[in-house]
Every structure is written in structure tokens, then in C-alpha cells.
There are 2 protein chains.
Amino acid sequence: MAGHVTYREVKATILDRIKGGAWPPGALLPSEVELAAEFGTARATVSRAMRDLVEDGLVERKRKAGTRVRKMPLRQARLDIPLVRVEVEDQGAVYRYALVASHVGAAPDWLRARMGLPGGGEVRHILCMHFADGQPYQFEDRWISLDSAPDARAADFTAEGPNEWLVRQVPYSNVEISFSATAADAEQAQHLGCALGDALFRVERQTSWDGRELTFVRLTYHRGYRMTARY
Amino acid sequence: MAGHVTYREVKATILDRIKGGAWPPGALLPSEVELAAEFGTARATVSRAMRDLVEDGLVERKRKAGTRVRKMPLRQARLDIPLVRVEVEDQGAVYRYALVASHVGAAPDWLRARMGLPGGGEVRHILCMHFADGQPYQFEDRWISLDSAPDARAADFTAEGPNEWLVRQVPYSNVEISFSATAADAEQAQHLGCALGDALFRVERQTSWDGRELTFVRLTYHRGYRMTARY
DNA sequence: CAGTGGTCTAGACCACAGA
DNA sequence: CTGTGGTCTAGACCACTGA
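An unreviewed UniProt entry lists chain A under the name GntR family transcriptional regulator, from Paracoccus sphaerophysae.

K.L.:
Lay out the sheet that holds strand 9 (residues 212-221) of chain A in plain terms, naming residues and giving numbers.
P.N.:
Spatially, 4(A)-5(A)-6(A)-9(A)-8(A)-7(A)-10(B) is the arrangement adopted by the seven strands of the open sheet, whose pairing is antiparallel. Sheet topology places strand 4 (95-106) of chain A together with strand 10 (226-230) of chain B at the edges, where each strand pairs with a single neighbour. Each adjacent strand pair in this sheet contributes to an overall mean axis angle of 15°, direction not counted. Taken together, the eight bridges between strand 8 (residues 199-209) of chain A and strand 9 of chain A define a ladder with antiparallel strand orientation. From the neighbouring strand, S208 of chain A faces strand 9 of chain A, where its bridge partner is E213 of chain A. Strands strand 4, strand 5 (122-132), strand 6 (135-145), strand 8 and strand 9 of chain A of the sheet are contacted by helix 6 (residues 162-169) of chain A, whose axis makes an angle of about 45° with strand 6 of chain A.

K.L.:
Can you explain the sheet that holds strand 5 (residues 122-132) of chain B? Please cite residues and give values.
P.N.:
Taken together, the seven strands give an open sheet; going across it, the order is 10(A)-7(B)-8(B)-9(B)-6(B)-5(B)-4(B), and neighbouring strands pair in antiparallel fashion. One side of each edge strand has no neighbouring strand; the edge strands of this open sheet are strand 10 (226-230) of chain A together with strand 4 (95-106) of chain B. Each neighbouring strand pair of the sheet contributes to a mean axis angle of 15°, computed without reference to strand direction. Of the pairings in the sheet, the one linking strand 7 (residues 174-183) of chain B to strand 8 (residues 199-209) of chain B comprises 10 bridges and is antiparallel in character.

K.L.:
So what about the relation of the copies chain A and chain B? Which residues, and what values?
P.N.:
When chain A is fitted to chain B, the residual RMSD is 0.1 Å, and the transformation amounts to a turn of 180° plus an axial shift of 0.0 Å. When the rotation and shift are considered jointly, the pair of chain copies conforms to a two-fold rotation axis. Looking at the interface residues of chain A, 98% of them are also at the interface in chain B, so both copies use one shared face.

K.L.:
Before we move on, could you go through the protein's contact with DNA strand C and cite the residues and values that matter?
P.N.:
In the region of DNA strand C, 24 residues are neighbours, and T6, Y7, A42 and T45 of chain A together with R43 of chain B sit closest. Sugar plus phosphate: this is where 67% of the atoms of DNA strand C within 4 Å of the protein reside. In the model, a phosphate oxygen of DNA strand C is placed 3.0 Å from a nitrogen or oxygen of the E32 of chain B main chain. Tallying contributions element by element places helix 3 (residues 43-55) of chain A first for the surface near DNA strand C, with four residues. Residues of the surface near DNA strand C, tallied by class, amount to four nonpolar, nine polar and 11 charged.

K.L.:
Please give an account of the protein's contact with DNA strand D that cites residues and values.
P.N.:
Close contacts around DNA strand D come from 24 residues, with R43 of chain A together with T6, Y7, A42 and T45 of chain B the closest. Across the atoms of DNA strand D situated within 4 Å of the protein, the share located in sugar and phosphate is 66%. Between DNA strand D and E32 of chain A, the relevant distance is 3.0 Å, taken from a phosphate oxygen to a main-chain nitrogen or oxygen of the residue. Taking R63 of chain A, its side chain carries an N or O atom lying 3.0 Å from a sugar or linking oxygen of DNA strand D. For the surface near DNA strand D, the secondary-structure elements that each account for two or more residues are helix 3, strand 1 (59-62) and strand 2 (66-69) of chain A together with helix 1 (7-20) and helix 3 (43-55) of chain B. Counting residues per element, the surface near DNA strand D draws most heavily on helix 3 of chain B, at four residues. The residue makeup of the surface near DNA strand D, split by class, is four nonpolar, nine polar and 11 charged.

K.L.:
Before we move on, could you go through the environment of L28 of chain B and cite the residues and values that matter?
P.N.:
All names here are of chain B. Relative to the elements of secondary structure, L28 occurs in the loop between helix 1 and helix 2 (32-39). Put simply, L28 and R70 are 42 residues apart on the chain and 9.9 Å apart in space, counted from C-alpha to C-alpha. If we skip the residues at most four places from it in the chain, L28 touches A65, G66, T67 and R68.

K.L.:
How would you sum up the interface of chain A and chain B? Please name residues and give values.
P.N.:
Contacts between the two partners involve 51 residues from chain A and, on the opposite side, 50 residues from chain B. When the two sides are added together, the surface that chain A and chain B hide from each other amounts to roughly 4600 Å², 56% of it contributed by carbon and sulfur. The tally of links from chain A across to chain B stands at four salt bridges. Across the pair R230 of chain A and E176 of chain B runs a salt bridge, and its minimum N-O distance is 2.7 Å. One can count 14 residue pairs in polar contact (both at pLDDT 80 or more) joining chain A with chain B. At the level of secondary structure, the elements contributing two or more residues to the side of chain A that touches chain B comprise helix 1 (7-20), helix 3, strand 3 (75-81), helix 6, strand 7 (174-183), strand 8 and strand 10 of chain A. Classifying every residue of the side of chain A that touches chain B gives 26 nonpolar, eight polar and 17 charged. As paired strands, strand 7 of chain A and strand 10 of chain B are joined by five bridges and run antiparallel to one another. In the sheet register, F179 of chain A faces strand 10 of chain B, and the bridge partner there is M227 of chain B.

Calculation criteria
Residues numbered from 1 in each chain as written. Chains lettered and ligands numbered in written order. Predicted model: local features only at pLDDT ≥ 70, side-chain atom pairs only at ≥ 80, totals over all residues. Heavy atoms only, no water. Pairing = 2+ DSSP bridges. Helix = DSSP H or I, 4+ residues; strand = E, 2+ residues; numbered from the N terminus. Axes fitted to C-alpha atoms, helices over the stretch in contact; angles between N-to-C directions. Contact = heavy atoms within 4.5 Å. Least-squares fit on C-alpha atoms with pLDDT ≥ 70 in both. Near = heavy atom within 4 Å. Polar contact = N/O pair within 3.5 Å; in protein donor to acceptor, adjacent residues only side chain to side chain. Nonpolar A, V, L, I, M, F, W, Y, C, P; charged D, E, K, R; others polar. Buried area = accessible area lost by both parts, 1.4 Å probe. Salt bridge = Lys/Arg side-chain N within 4 Å of Asp/Glu carboxyl O.

Below is the structure:
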């Protein structure tokens, strides 16, 4: 025996047939049983390959209906969301963090509405900067609900950013993230070293844990920042 | 017998233990064999659950070293990249497309460098607009290599956008995508109905197929556009 | 070397949805 | 009803890598 046929080989073969046009968009593929017979593998191996192809957005599967090549390939980009520090260090630059301001108070109305906080909820508001090789990299404007994370009231954010602190506190969370463009206001322009009104890339992220809203953060990047992915 | 224990149940149980702090970040989990014994399942079932957890970025696995809870949860957002038409229609709005300009010519130097095209390569350059309920939604500035896609020379883009045409031609492709913010230039401001210099969200996408560079597109969105994902 | 995850097999039963 | 994918089992061998 020359060894088993792997699911990777099966996947590659199927992929080649789709790429090559042998199975055009919309086409019905043979059943798992038929493919297993053709490739000389167990059905589970074909199934494993197919699961990958579904995940890659290339085929659709329905019970009884079978497997079809997607007409409009539903492609999805996977964006890694690292800590700023890791992102900077991965570029080979020296990372530096600086706390700008921090205070505790009642949540403003817009934040209560946005995060769905109860009335009278207290929050800790933190402004801080992240630098790469001494250049402004990211301006962070964060609100942490003290109802959900009471330990944040006394946490020390002078040496370490709130993100790194939070990651240690909460091992798992649900996140809604959004990307947009914004014109630099006076505060952002000052900290990021750009002109008022410059177009800046902005990420807003709201994190909940165990069904409770935990933190809302607005990250504004230096002029010219790009976020890149492949798929 | 009350039936089998499913891999989803195994996954949920492990997830609960991680969330609950029973297995804190960095902790070593029991081996698959031990977990299979505990849950009363086959090892393959535990393995299936673990594969999901790896994909979700919650644990790391190494042969011989075992499975550990990730210290810094490497979270990744999955961004769906639909056709503009689908994106607009999914919002319940009426989609409209309009061709602005199109011509064939030699690729400019910056594009040749960016796409890695050979000297003397011809490209088709297309400018077009996408509307939602009559409002400007996206301005598309696309270049298609005629070396890679000769059929694009004669294709008719008056009724249908080049993206939909390309998707039909090429069932599979490799994509590099990047997101950034840009200040509206005169042309963008005119077509998107905003002021000169307004901060706009921009997507740049370069697509290759079968190892050849196929198309480069710059998509500029209307003022206030957000791209959102959950993870 | 030995323990861990990675994969394949052959078989089985089930859930769903098309005909 | 019947064919399809979805999953689980019990067992086996392999590949990598830490001790």
C-alpha cells in the first residue's frame, strides 16, 4: 500500500475541478459516497474535505439536495485583531504606551444608549496613546462599565493599556466591531500629530461578557494607516 | 441509552470551563484520551470539538505538548465581502448601477508597479457608481488587466458592474484586501455628493487568479459608511 | 524514547428535505 | 419514502516534538 489518500488531497482535487471549470458555478457535485469510491477513501475523508470547502465559501451543501458550487462565491476575509502592542512589535517597531487621562463618573447618555447600560451606572473613562518607534500610532478612547467590571475602578493604567488588562480579566467575550472613516477633531489631531479634519481610520468595538456590556472603545489610527487581509 | 454525547456538547462544556475560570489562560487541558473517557465519547468526538476551539482562537494545540488555553485570545473577525448589489438589497434598499466612464489603454506606471504587470500591458479602466435608494453608495474605480482577462476588452459594463461580470468569469481567486480612510478628491466628492476633503471609507482590493494579477479596484464609500462584524 | 495530537477506516444510525 | 449530508464509534497508524 502506498498510504492513504488524505483529505487535503481530496480537497485540492475538488478545488482544481472547480477552478478548471469542470464543475461550474451552480453545478451539482457527486455525492460523498460516489466521491469516496472514486478517490478510494472512506466517506469521512471526503466529508472532511467538503467541510473545509464549505468554510472557504466555495460550495453549499443541503441534505438530500446534495453539494453545489456556489454561484456567487461568498468570500469572507479573516481579520486578525491583535493587541496594539503585538501589532506594532510584529512590524519590528518599538512599542510605547502612554496614559493621557482617566476618570470615573456617571455614564453619559449617548454611551448608556449605545451600551444599553442601566441608569446611574458608573464608568471609567480612559484616554491613552500607543506609539510605534516614537511616532503616534493609535489614539484610544475607552469606557469601561464599573457595574460589569468593578475591578477596573482601582486598576492602574499608567504602565499598561486597558486592553491588555481587560484581556487578562476576561478570557472570553462577544464583540461587535465596526470600521469607518472620521475627520480628525482637535484632540485627535493633537495626539496623532496631524491636521484638523484629516481623514483617519477608526475602529469602534463593543465587548460584552456573560450577557453584560463590558466596554466600548473607539480607536483612531494615525494618518495613512491601512488594515490588510488576504483570502 | 439516551443517545450519544455530541461534539457540540463537549465543546460547550469545555468552553464553560474556560469562561468560568476552571482552566485559566495558559492552563494545560487534559489530553484527548482523558477527556474522551470523562465525557464517555470516542476520541474523534473530543478532537472535533477541539478543532472548533482552535478555530475560534481559544486554545492552542501542539503535539506532545498538549492543549493550552491561549494567553492572549487571538480573535479574528470574519468579514463577509458581498457584491455591492447584494449588500444594498440586504438592507432593503433599491440598488441602482451606473457606468461613469470606461476606456482601454496602457497601464500607468503606478498600477504596473502595484499589480506587477509586464511592460506594455494593456488594461481596461472603469469608473462606475452604485446607488442605494437613489443615494450614492459606492464609487468604484477599477482596472482590469487585459493580458489576464482578454474578454474584458469587449465586455459591456453599461447594465452590470464589472464585479458581477468578473465573478461569473472567475470562480475562484486570491485576494488581498485593505481598508483605510481617505480625504475625498474632486471626482469622489462630485459622485458621492459630499464636500471636498470629507473623510471617506475606502477599500482597495487586488485579485489574482491562477498566479496572474487580474484586477485592482478602489472602492470609496459614501460619507458615514460603516463596515460591521461580530465575533 | 514516549506521549500528544492528526488523520484515516469501516461501519452505523440519524435528521432533514426533495420527489 | 428515500437519498443526502451530519455525526459518532472503535480502532489503528502516523508525525511531531518535548523530556
